[in-house]
Amino acid sequence: MSAVTNPATVAECLRVGAGFSQGDRNWIAEQFGTLDSRLAGFHADATELEVSVKDREARGQKVTLECWIAGRQKIVTTSTEEDLHAALNDVRDDLRRRLNDAKTRQEPRHNKHLRDVPAPAAEVEPDTDPARAESETV
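Per chain, the residues get numbers from 1 upward, laid out in the order the sequence is written. Under the rules for a predicted model, residues below a pLDDT of 70 receive no local features and side-chain atom pairs below 80 are neither given nor counted, while totals for whole chains, interfaces and linings still include all residues. Processing note: side-chain calculations cover all non-hydrogen atoms of the structure and skip hydrogens and water entirely.

Chemist: For the sheet that holds strand β4 (residues 75–79), give the residues involved together with the corresponding values.
Modeler: Pairing between the strands of a sheet is mediated by backbone hydrogen bonds and can be parallel or antiparallel. The pairing criterion for strands is at least two bridges between them, as found by DSSP. Here a strand is any run of E in DSSP of at least two residues, a helix any run of H or I of at least four, and the numbering for each starts at the N terminus. With mixed pairing, the 4 strands of this open sheet are ordered in space as β1-β2-β3-β4. Each having just a single partner strand, β1 (14–16) and β4 make up the two edges of the open sheet. Each neighbouring strand pair of the sheet contributes to a mean axis angle of 15°, computed without reference to strand direction. Relative to strand β3 (residues 62–69), strand β2 (residues 47–54) runs antiparallel, the two sharing 8 bridges. The partner of Leu 49 across the bridge, within β3, is Cys 67. This element, helix α2 (residues 22–31), spans β1 and β2 of the sheet and lies at about 140° to β1. In this description, a line fitted to the C-alpha atoms serves as the axis of each element, helices being fitted only across the stretch in contact, and the angle between N-to-C directions of two axes falls anywhere from 0 to 180 degrees. Two residues qualify as a contact provided that any one of their heavy atoms is within 4.5 Å of a heavy atom in the partner residue.

Set out below in structure tokens:
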């Protein structure tokens, strides 16, 4: 993979949606900090993360983390953990796993078309002309 001039980071790409305030943003970005190494392979301008929570701190709360990376399908991870901290960790870990899976699927070893490269041309057999072989050894 070529080096990215402006690598994506959680701090740069994260926005908070429903259920969170801008005051929660720094705390959430800290929680998601381990995603930075995984996001670094993508351009910051082409990467977006949005986290939201429905029914915050209620029994049926649902945390959703959405990730948009240009040229790829949107990735959505959710958690119904009752503890907000645990739910955030759950969606973060699921996103990391799904990004790794997506990267693995795009590598050539997982692409049959790229794996089925024709074999190199058969090796040329050595010259077996006895007269020539004798003249070379003289």
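Moving on, there is more to tell.
Chemist: Help me get a handle on the pairing of β3, residues and values and all.
Modeler: Accessibility here uses a 1.4 Å probe with only protein chains present; expressed as a share of the type maximum, an area under 20% marks a residue as buried, one over 50% as exposed, and anything in between as partly exposed. Of all 8 residues that make up β3, 6 are buried, and the element is covered over most of its length. Here β3 runs beside β4; their pairing, made up of 5 bridges, is antiparallel. Looking across to β4, one finds that Val 63 is bridged to Ser 79. Hairpin connection between β3 and β4: a loop of 5 residues separates the two successive antiparallel strands, and Gly 71 in this loop has a positive phi of roughly 85°.

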